[in-house]
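Listed here are the chains, written in short residue letters.
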Amino acid sequence: MNKLMAANWKMYKIYEEAKDTAEALVKLLDGKLPDGREVLVFPPFTALRGVSKKFKDEKGFWTGGQDFWPEKEGAFTGEISPGMLRDAGAAFALTGHSERRHVIGESDELVGRKTAFALASGLSVVLCVGEKIEERRSGALEAVLERQLRAGLADVPREIDPARLAVAYEPVWAIGTGEVAGPKEILGAHACVRRILLDIFENIGNDIKILYGGSVKPDNCAEIIALDNVDGVLVGGASLAAESFARIVLAGA
Ligand code: 13P
């Protein structure tokens, strides 16, 4: 299975900065992207088309939208549709990111609607799941993953092409804190996600990528990416500089 090395730029970078970073990334990785590695960048909406254009002729480079509204079109002021993301060059969309769940207040049910709608609209999806620190401390990790995955995937066709769906395990306590989950925690959570995917999708569940996210850096990525059931990473802060993200993309390859 290819490793998917993904960058979530969140609400950073105006248009020119995003284009410059994308161009620098392409240059740094020119001729170096190993077989079996793919690059995916989620820029802010305003920079999506610009970054997509920089990646257009690059094999194994993709862009995605950080969010969207699960309708084709209509009176949804301020929202953007999956079709509009595709029109701007996106092949992927994120759903269920912890900042949308816990800062914006998206419910498990809405995350599920979004995931199914994006897939039906022709986008591939990275569905994010992960527990808060108090949930981990109270022993609720598996229950949280089970709830978020079952709701998030409720309306996804069971015969989905597994290449179009990935799950990102991002423990909330490790996002933007510098506190990376240790190998034991990542192995345990990813094994749990795999078990649930197999239960939901049967054999197809083996081919759905599970990414790790939360304080991934150039210096810790090689160790993380080598772990069982880690099929890629989803990187925030350390993906904003092209040099740093290029080192992550190549880590341990
Ligand atoms: P950091 O890499 O900044 O911890 O962010 C992780 C994340 O939220 C990626 O979606």
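Rules used in this analysis
Residues numbered from 1 in each chain as written. Predicted model: local features only at pLDDT ≥ 70, side-chain atom pairs only at ≥ 80, totals over all residues. Heavy atoms only, no water. Helix = DSSP H or I, 4+ residues; strand = E, 2+ residues; numbered from the N terminus. Rg over C-alpha atoms; globule rule 2.2 N^0.38 Å. Buried < 20%, exposed > 50% of the residue type's maximum accessible area, 1.4 Å probe, protein only. Contact = heavy atoms within 4.5 Å. Lys, Arg positive; Asp, Glu negative; His and termini not counted. Charge placed at Lys NZ, Arg CZ, Asp CG, Glu CD. Near = heavy atom within 4 Å. Polar contact = N/O pair within 3.5 Å; in protein donor to acceptor, adjacent residues only side chain to side chain. Areas by Shrake-Rupley, 256 points an atom, 1.4 Å probe, with all protein chains shown as cover. Nonpolar A, V, L, I, M, F, W, Y, C, P; charged D, E, K, R; others polar. Expected span 1.5 Å × (residues − 1). Arc of directions from axis to C-beta. Phe/Tyr/Trp six-rings, centres within 6.5 Å; stacked < 30°, edge-to-face > 60°. Lys NZ or Arg CZ within 6 Å of the ring centre and 35° of its normal. Salt bridge = Lys/Arg side-chain N within 4 Å of Asp/Glu carboxyl O.

Caption draft 1: Examining the overall build of the protein more closely. Summing up its helical and strand segments, the protein has ten helices and eight strands in all. Its C-alpha atoms give the protein a radius of gyration of 17 Å, near enough to 18 Å, the size a compact globule of 253 residues would have. Dimensions of the protein along its principal axes, counting C-alpha atoms only, are 45 × 45 × 35 Å. For the protein, the residues scored as buried account for 53% of the 253 residues in total. Across the protein, contacts joining residues at least 24 apart in sequence account for 72% of those joining residues at least 6 apart. Measuring between centres, the 31 positive side-chain charges of the protein sit 2 Å from its 37 negative side-chain charges.

Caption draft 2: Main features of the site of the ligand. By nearness alone, 13 residues border the ligand, and Lys10, His97, Gly176, Ser215 and Gly237 come closest of all. Between Lys10 and the ligand, the recorded distance is 2.8 Å, taken from a side-chain N or O atom to an oxygen atom. Between Glu170 and the ligand, the recorded distance is 3.0 Å, taken from a side-chain N or O atom to an oxygen atom. About the coverage of the ligand: the protein hides 97% of its 300 Å² of free accessible area. Class assignment of the residues belonging to the shell around the ligand gives a composition of four nonpolar, seven polar and two charged.

Caption draft 3: Inspection of helix α1 (residues 15-29) at higher detail. Under the 1.5 Å per step criterion, the end-to-end length of α1 is 21 Å for 15 residues, consistent within 8% with the ideal 21 Å. Taken together, the buried positions of α1 are occupied by Ala18, Lys19, Thr21, Ala22, Leu25, Val26 and Leu29. Each buried residue of α1 sits inside an arc of 165 degrees when the element is viewed along its axis, so together they form one side.

Caption draft 4: Quick look at the environment of Gly213. Mapping Gly213 onto the fold places it in strand β7 (residues 209-213). Along the backbone, Gly213 and Ala174 are 39 residues apart, and their C-alpha atoms lie at a distance of 8.0 Å. Leave out the neighbours within four places in its chain, and Gly213 touches Tyr169, Glu170, Pro171 and Leu234.

Caption draft 5: Just the packing of aromatic side chains, in detail. Counted by the stated rule, this structure contains three aromatic pairs. Between the aromatic rings of Trp69 and Phe76, the centroid separation amounts to 6.3 Å while the plane-to-plane angle is 40 degrees, which identifies the pairing as tilted. Among the residues examined, Trp69 registers a relative accessible area of 22% and is labelled partly exposed. Ring centres of Tyr169 and Tyr212 lie 6.3 Å apart, and the angle between their planes is 50 degrees; this geometry places the pair in the tilted category. Here Tyr169 is found in strand β6 (residues 165-169), whereas its partner Tyr212 is found in strand β7, with 43 residues between them in sequence. Cation over ring: Lys13 sits above Trp9, and NZ or CZ is 5.2 Å from the ring centre. Above the face of the Phe201 ring, Arg158 is positioned so that its terminal group lies 5.3 Å from the ring centre.

Caption draft 6: Spatial organisation of helix α5 (residues 108-120). Compared with the 18 Å implied by 1.5 Å per residue over 13 residues, the 18 Å span of α5 between its first and last C-alpha is a close match. Taken together, the buried positions of α5 are occupied by Leu110, Val111, Gly112, Lys114, Thr115, Ala116, Ala118 and Leu119. Tucked inside the fold, the buried residues of α5 contact α3 (82-87), β4 (92-95), α4 (98-104), β5 (124-129), α7 (141-152) and β6. Positive phi shows up at Gly122, right after α5, with a value of about 95 degrees.

Caption draft 7: Layout of the pattern of salt bridges. Taken as a whole and assessed by the stated rule, the structure comprises 18 salt bridges. With its nearest N and O atoms 2.7 Å apart, the salt bridge here joins Arg150 to Asp199. Within this pair, whereas Arg150 is found in helix α7, its partner Asp199 is found in helix α8 (residues 183-201), the two being separated by 49 residues in sequence. For Arg150, a relative accessible area of 34% corresponds to the partly exposed category. With relative accessibility at 51%, the residue Asp199 sits in the exposed group. Shared partners join several salt bridges into a network, and the residues in it are Asp67, Arg100, Glu106 and Lys114.

Caption draft 8: Structural detail: the environment of Ile210. Along the chain, Ile210 turns up in strand β7. Assessed through its relative accessible area of 0%, Ile210 is described here as buried. Here the alpha-carbon distance between Ile210 and Leu145, two residues 65 residues apart in the chain, equals 13 Å. Leave out the neighbours within four places in its chain, and Ile210 touches Val167, His190, Val193, Arg194, Leu197, Asn229, Val230, Asp231 and Gly232.

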